[in-house]
Amino acid sequence: MAGVRGVFFDGDDARRAAERLRRDGFEAEVARQPLAGEDDDEDHPWVVVTDAPAVMLELLVEAHEGWLEEEAAPPPPAPLVLPQAPRRLHRDTPGDRRDPRLG
């Protein structure tokens, strides 16, 4: 699921935030987030990943002293290479510039 991530220090707070987002009609998942250098599994913070607008999760995170992480947007697609002139369906030969039926 792509979207925003809210990091909570308490599992109950994370579950309550996820439930609130689900009641509002959004998807929300709760998981543990190991931090670099953390050895103790009990110290890992809780993460709520949701497709809700960032501002909704931000309000819930601020109420429980966590933080918000927005996932990086994918890079924009490469610009299209467009032709400089229209394509010709038939090759013109030097003597075929005019249609003989037109006089």
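Residues numbered from 1 in each chain as written. Predicted model: local features only at pLDDT ≥ 70, side-chain atom pairs only at ≥ 80, totals over all residues. Heavy atoms only, no water.

**Observations regarding the sheet that holds strand 3 (residues 46–50)**
Strand pairs in the sheet, formed through backbone hydrogen bonds, run parallel or antiparallel to each other.
So, step 1. Across the sheet, which stays open at both edges, the 4 strands sit in the order 2-3-1-4 with antiparallel pairing between neighbours. Of all the strands in the sheet, the pair left with one neighbour each is strand 2 (28–32) and strand 4 (67–70). Taken pair by pair, the neighbouring strands of this sheet meet at an average axis angle of 25 degrees, ignoring direction.
So, step 2. Taken strand by strand, helix 2 (residues 54–63) contacts strand 1 (4–8), strand 3 and strand 4, and its axis lies near 5 degrees from that of strand 1. (Pairing = 2+ DSSP bridges. Helix = DSSP H or I, 4+ residues; strand = E, 2+ residues; numbered from the N terminus. Axes fitted to C-alpha atoms, helices over the stretch in contact; angles between N-to-C directions. Contact = heavy atoms within 4.5 Å.)

**Remarks on the pattern of salt bridges**
Opposite charge on two side chains permits them to pair, given that their charged atoms come into close proximity.
So, step 1. Taken as a whole and judged by the stated rule, the model has 5 salt bridges.
So, step 2. Residues Glu69 and Arg5 are paired through a salt bridge, measuring 3.1 Å at the closest nitrogen-oxygen approach. In this pair, Glu69 sits in strand 4 while Arg5 sits in strand 1, placing the two residues 64 residues apart along the sequence.
So, step 3. By relative accessible area, which is 29% here, Glu69 ends up partly exposed.
So, step 4. Here Arg15 ties to Asp12 by a salt bridge, and the two come within 2.8 Å at their closest N and O atoms. A residue pair is termed a helical-turn pair when its members lie 3 or 4 positions apart in one helix, as Arg15 and Asp12 do in helix 1 (residues 11–23) at 3 residues. (Salt bridge = Lys/Arg side-chain N within 4 Å of Asp/Glu carboxyl O. Buried < 20%, exposed > 50% of the residue type's maximum accessible area, 1.4 Å probe, protein only.)

**Structural notes on the nonpolar core**
So, step 1. In terms of nonpolar packing, the biggest core is built from 13 residues, with Phe8, Ala14, Leu21, Ala28, Val48 and Leu57 touching the most fellow members.
So, step 2. The element that contributes the greatest number of residues to this core is helix 1, accounting for 4 residues.
So, step 3. In this structure, Val48 is in contact with Val4, Arg5, Gly6, Phe8, Ala14, Ala18, Leu21, Ala28, Glu29, Val30 and Leu57, ignoring residues within four places of it in sequence. (Core = buried A, V, L, I, M, F, W, Y, C linked by side-chain atoms within 4.5 Å.)

**A few points about the packing of aromatic side chains**
So, step 1. Evaluated as defined, the whole model comprises 1 aromatic pair.
So, step 2. Stacked on the ring of Trp46, the Lys or Arg Arg15 has its end atom at 5.2 Å from the ring centre. (Phe/Tyr/Trp six-rings, centres within 6.5 Å; stacked < 30°, edge-to-face > 60°. Lys NZ or Arg CZ within 6 Å of the ring centre and 35° of its normal.)

**Examining helix 2**
So, step 1. Among the residues making up helix 2, those that are buried are Leu57, Leu60 and Val61. Here the buried residues of helix 2 occupy an arc of 100 degrees about the axis, which is enough to place them on one side. Opposite its buried face, helix 2 presents the exposed residues Val55, Leu59, Glu62 and Ala63, each directed more than 90 degrees away.
So, step 2. Among the residues trailing helix 2, Glu65 stands out with phi positive, at a value near 55 degrees. (Arc of directions from axis to C-beta.)

**Details of helix 1**
So, step 1. Helix length check: helix 1 (13 residues) gives 18 Å between terminal C-alpha atoms against 18 Å at 1.5 Å per residue, within 8%.
So, step 2. Taken as a whole, helix 1 has its buried residues at Gly11, Asp13, Ala14, Ala17, Ala18 and Leu21. Looking down the long axis of helix 1, one finds its buried residues gathered within 160 degrees of arc, a one-sided arrangement.
So, step 3. Lining the buried residues of helix 1 we find strand 1, strand 2, strand 3 and helix 2. (Expected span 1.5 Å × (residues − 1).)

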